[in-house]
Amino acid sequence: MKLHFIGELSELQSGLQLLLAELKTEWSEDGIPVLIEPSSGELEVGYDGKSAYIRYGAKHQFFRGLGLLIQKISGGEQFQITEQQQFDAIGPMFDLSRNGVLTVESFKFMLRKMALMGLNSVMLYLEDTYEIEGEPYFGYMRGRYSAAELKEIDDYADQFGIEAFPSIQTLAHLEEFLKWEPVKEYKDTKGALLVGAEKTDRLVENMIVSISAPFRSRKIHIGMDEAEELGRGKFLDRNGHMNRFDIMTGHLERVLAVTRRLGLKPMMWSDMFLKLASANGEDYYGHETQISEDMSSRIPKDIDMVYWDYNHVEEKDYETLIAKHRPLGNNLIFAGAVWVFNTFGVNYGLSLPATDAALTVCKKEGIREVYATMWGDDGMESNPYIALLGLQFYAEHAYSSSTPTDKALAERVRFCTGIEADAYMGLKYLDETPGAAPNNQKQSNPSKFLLYQDVLLGLFDKQIDGLDMAAHYAWAEGEIASRRKAEAELDYLFEVPQKLCAVLKQKSEIGLELKRAYDSGDKAVLRRIAEDVLPEISLGVQNLRAAHRKQWLSMFKPFGWEVLDIRYGGVVSRLDTASMRLLEYADGKLERIEELEQERLLYSTTNRFTDKGAGWCSYYYRMASPNVFFHVINPF
C-alpha cells in the first residue's frame with residue numbers, strides 16, 4: 001500500500017516512518033492522499049475511496065488512527081470512524097524484576113504494537129533492575145538496565161506519544177537486593193527496608209534520583225505494597241513495638257520529601273492502607289473495611305493511590321472497593337491485569353471478564369488512569385508477548401464508551417499483531433483443564449506444577465486423580481498446532497506452549513499410572529514405563545527446554561534464564577533417577593520403592609472438591625519437592 005501524507009508532520013515523522021516499515025506500507029507521492037489535521041480531542045479517521053484523513057487530539061492518537069486507516073483500507077472498506085478516548089492514560093506495566101528483563105529491542109517491539117493499539121503509557125516495574133551509583137549489589141547479575149538503556153526506551157516511546165515512567169520499590173519487595181550480606185545495614189526483614197535509619201533514607205533518595213533521571217515523565221511509582229513485614233525485624237529490636245500505620249506514614253513522608261524536591265508526581269499501591277484499616281490488619285478486599293477520618297487526615301494528599309485488583313469479575317465488587325478507597329482523599333488510579341502470572345500460558349478466561357468489569361466501572365467512576373499489570377511471579381515462565389490480546393482489549397475499551405465486541409477485538413488484534421484472537425485464546429487451555437472452575441476463574445496453574453512435579457513423589461497426583469489430563473493436553477496440543485501460521489511474525493510464540501502440551505499429555509498422569517502399577521505389583525508395567533515412557537518424556541522436556549531457551553534469548557536478557565535451565569535440568573535428572581529406581585525394583589535389586597509406598601494426599605485446600613479448581617502453587621521449589629531447598633536460620 002502507498003500513502004501520501006499531507007499536513008504538519010514534524011512531531012510525527014520519526015514514529016510514522018517506524019510504523020510504516022512495520023506495516024510494510026510506503027510513503028509515496030503517488031499514494032492515497034491522507035490529510036493530517038489536529039482535532040479538539042477526538043480521533044477521526046476516514047476514507048472515501050479516493051482520499052483519507054486522520055484528525056487527532058494527542059500524538060498517540062495519530063498512530064492508532066494510522067493503524068485503523070491501513071487496516072480498513074486493506075480490507076477494501078470506505079469508512080468514517082470517530083472515537084473518544086475514555087482515559088487520560090492507559091497502558092501496560094511490564095514486570096522487569098522476576099528474571100525476565102526485556103532487551104531494549106524487545107521493548108521497542110512492544111512499544112510499536114502499543115502505538116498501533118493507541119495505548120499512551122507504559123510503566124516499567126523495576127525492583128532492583130536499574131543502576132544506582134555507589135550500590136554495586138543493586139541488581140548485581142540480574143540484567144539491570146543502565147541509565148543509557150532506560151533513556152533509549154524513553155526516547156523510543158516518546159516518538160509515539162507514549163509516556164514511559166518507572167515503578168520501583170521504596171519499602172518492601174526488595175528481597176533480591178537485601179539478600180546480599182554486604183548491604184545488611186539496609187535490611188529490616190527478608191524483603192523490607194529498615195525504615196527510619198539514616199543510611200536507608202540515603203539509599204531511597206539515591207533510588208529515586210537514579211531512576212527518575214533517564215525519563216522525560218515526572219511520574220514515578222514508589223511501590224510500598226505488601227509490606228506486612230514492616231517494623232517486625234531489626235526495627236522491632238531497635239525501637240520496640242510501634243503502630244505500623246505510624247511507621248508507614250513516617251517513611252512515606254521521608255520518601256515524598258525527595259519526590260517533592262525533584263518535582264516528581266508520585267503514586268503508590270494502596271493495599272497497605274486498606275489492610276491497616278481492616279479488622280484483622282490484613283484484608284485488602286474486605287467489604288467491611290472503613291478508612292477513618294483520622295487515618296485519612298494523616299495520609300499525604302500529593303500522592304496518587306493505585307488500587308490493584310486482578311481477580312473480580314463482577315462490577316459490584318469494583319464499585320464497592322472503589323468506594324472503600326474514596327475516604328483516603330487521594331486521586332485514584334486503577335491497575336488490573338493480564339494473567340501471565342505463575343504459568344506458562346495466559347489466563348484469558350479470567351483476564352478478559354475481569355478487565356471488562358473493571359474498566360466499565362472505572363469509566364462510570366471517573367477514574368482517568370488505568371494500567372494492565374503483567375507480573376512474572378516465580379521465574380517468568382510466560383512472557384508479555386502472549387498477553388497482546390489482553391492489551392488489545394484494554395485499548396479497544398479505552399476508545400469506546402461500552403464493551404468492545406468480539407468481532408472488533410478480533411479484527412484489531414489480527415491487524416496489530418498478525419495473530420488471530422482464537423490463537424491467543426487457545427493458550428488459556430494450558431491451565432483451563434478438567435477440574436478447573438468455569439473459565440479458570442479460580443486460577444489453577446497445572447501447566448506449571450504438572451511439569452515440575454516429581455514422578456515418584458507425585459505431590460499433585462491426588463489433585464488430578466480422576467481428571468483426564470492426558471487427553472486434555474493431547475487435545476490442546478492439536479488446537480494450538482492447528483491455529484499456527486508459519487508466515488506470521490509472532491508464530492514462534494506458540495512453539496513453547498505446543499511442546500509443553502506434548503510433554504504434559506504423557507507426564508501429567510504418569511505418576512498415577514506408576515502408583516497403580518506399583519500397588520498392584522505389576523513389574524512389567526513399571527519396566528515398560530522406565531525403559532520407554534520416562535525416556536520419551538525426558539526427550540520431550542529437552543525439546544521444550546531448547547524451544548523455551550530460543551524464545552527467552554530472543555526476548556529477554558540472558559540473566560534469569562539460568563533459573564529455568566536449572567528447573568528443566570531438575571525434571572530431566574529426576575526422570576533419569578526414577579527410571580533407574582524402577583528398573584532396580586523390577587530386577588529385584590530393590591525390595592521396595594519408598595516414594596511409591598506413600599499415600600497420595602491433596603496438595604492443598606485449593607482443589608476441585610472445594611470448587612477452587614484443579615490446584616494452584618506459587619513456588620517452583622514447592623512443586624518439585626516437599627523437602628528443604630534452603631533453610632533460613634534468621635529471615636531478618
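Small disclaimer: the values here were computed from a predicted structure and weren't measured. (Residues numbered from 1 in each chain as written. Predicted model: local features only at pLDDT ≥ 70, side-chain atom pairs only at ≥ 80, totals over all residues. Heavy atoms only, no water.)

A.B. asks: Explain the pairing of strand β13 (residues 332-337) to me, please; I cannot follow it from the model alone.
C.D. replies: Looking along a regular strand, one sees the side chains alternate between the two faces of the sheet. For β13, the buried fraction is high: six of the six residues fall into the buried class. Of the two faces of β13, the one holding Leu332, Phe334 and Gly336 and the one holding Ile333, Ala335 and Ala337 are both buried throughout. Bridging between strand β12 (residues 304-308) and β13 involves four bridges; their strand directions are parallel. Across the sheet, Val306 pairs through a bridge with Ile333, a residue of β13. You can see the chain leave β12, run along helix α11 (residues 315-325) and come back into β13, and the turn it takes is right-handed. Direction of pairing for β13 relative to strand β14 (residues 369-374): parallel, over a ladder of four bridges. Bridge pairing in β14 places Ala337 opposite Thr373. (Buried < 20%, exposed > 50% of the residue type's maximum accessible area, 1.4 Å probe, protein only. Helix = DSSP H or I, 4+ residues; strand = E, 2+ residues; numbered from the N terminus. Pairing = 2+ DSSP bridges. Right-handed = clockwise from strand over helix to strand, strands pointing away.)

A.B. asks: Would you mind going over the sheet that holds strand β3 (residues 32-38) with me for this structure?
C.D. replies: Through backbone hydrogen bonds, the strands of a sheet pair up, either in parallel or in antiparallel fashion. Across the sheet, six strands lie side by side as β2-β1-β3-β5-β4-β6; this open sheet has mixed pairing. In the strand order of this sheet, the two ends are held by β2 (26-27) and β6 (79-83), each with one partner. Helix α2 (residues 59-74) contacts β1 (2-7), β3, β4 (43-47), β5 (52-56) and β6 of the sheet and is inclined by roughly 25 degrees relative to β4. (Contact = heavy atoms within 4.5 Å. Axes fitted to C-alpha atoms, helices over the stretch in contact; angles between N-to-C directions.)

A.B. asks: When you look at the nonpolar core in this model, what are you seeing that I'm missing?
C.D. replies: Nonpolar side chains tend toward joint burial in soluble globular proteins. Ranked by internal contacts, the top residues of the largest apolar core, which has 218 residues, are Leu69, Phe107, Leu124 and Leu451. Among the elements that make up this core, the one with the highest residue count is helix α21 (residues 523-555) (11 residues). Residue contacts for Leu124: discarding those within four places in its chain leaves Phe94, Leu96, Phe107, Leu150, Ile153, Ala164, Phe165, Pro166, Ser167 and Phe215. (Core = buried A, V, L, I, M, F, W, Y, C linked by side-chain atoms within 4.5 Å.)

A.B. asks: Explain the pairing of strand β11 (residues 265-269) here, please?
C.D. replies: Most of β11 is tucked away, with four of its five residues classed as buried. Here strand β10 (residues 219-221) runs beside β11; their pairing, made up of three bridges, is parallel. Looking across to β11, one finds that Ile220 is bridged to Pro266. Here β11 runs beside β12; their pairing, made up of three bridges, is parallel. Bridge pairing links Met267 to Asp304 in β12.

A.B. asks: Can you walk me through unusual backbone geometry in this structure?
C.D. replies: The backbone of Asn439 sits at a positive phi, close to 60 degrees, despite the residue not being glycine. Tracing the backbone through its elements, the reader meets Asn439 in the loop between α15 (421-426) and α16 (446-452). Non-glycine residue Asp611 carries a positive phi angle of around 60 degrees. For Asp611, a relative accessible area of 61% translates into the label exposed.

A.B. asks: When you look at the side chain of Lys72 in this model, what are you seeing that I'm missing?
C.D. replies: Position of Lys72 among the secondary structure elements: in helix α2. Sequence-distant contacts of Lys72, that is, excluding residues within four places in its chain, are made with Glu77, Phe79, Ile81 and Glu411.

A.B. asks: What is the right way to look at the packing of helix α3 (residues 104-117) against helix α14 (residues 406-417) in this model?
C.D. replies: Between two packed helices, what matters for the description is the angle formed by their axes and the separation of those axes. Between α3 and α14, whose axes approach to 10 Å, the crossing angle comes to 140 degrees. Crossing of α3 against α14: the hand is right-handed. Contacts between α3 and α14 involve Lys113, Leu116 and Met117 on the former and, on the latter, Arg412, Cys416 and Thr417. Residue classes in the contact of α3 with α14 are distributed as three nonpolar, one polar and two charged. (Left-handed = near helix turned anticlockwise from the far one by under 90°. Nonpolar A, V, L, I, M, F, W, Y, C, P; charged D, E, K, R; others polar.)

A.B. asks: Looking at this model, I keep getting lost on the state of the cysteines. Mind explaining?
C.D. replies: Here a disulfide denotes a covalent bond joining the sulfur atom of one cysteine to the sulfur atom of another. All chains considered together, the criterion is met by zero disulfides. Cys501 forms no disulfide, and the closest cysteine sulfur to it belongs to Cys617, at a distance of 20 Å. (Disulfide = S-S within 2.5 Å.)

A.B. asks: Help me understand the packing of aromatic side chains in this model?
C.D. replies: Within a pair of aromatic rings, the relevant descriptors are the distance that separates the centres and the angle that separates the planes. One pass over the full model with this rule turns up 37 aromatic pairs. Ring centres of Tyr137 and Tyr140 lie 5.9 Å apart, and the angle between their planes is 70 degrees; this geometry places the pair in the edge-to-face category. Its relative accessible area of 35% is what places Tyr140 among the partly exposed residues. When the centroid spacing of 6.2 Å and the interplanar angle of 40 degrees are considered together, the rings of Trp561 and Tyr568 count as tilted. With respect to burial, Trp561 and Tyr568 carry one shared label: buried. (Phe/Tyr/Trp six-rings, centres within 6.5 Å; stacked < 30°, edge-to-face > 60°.)

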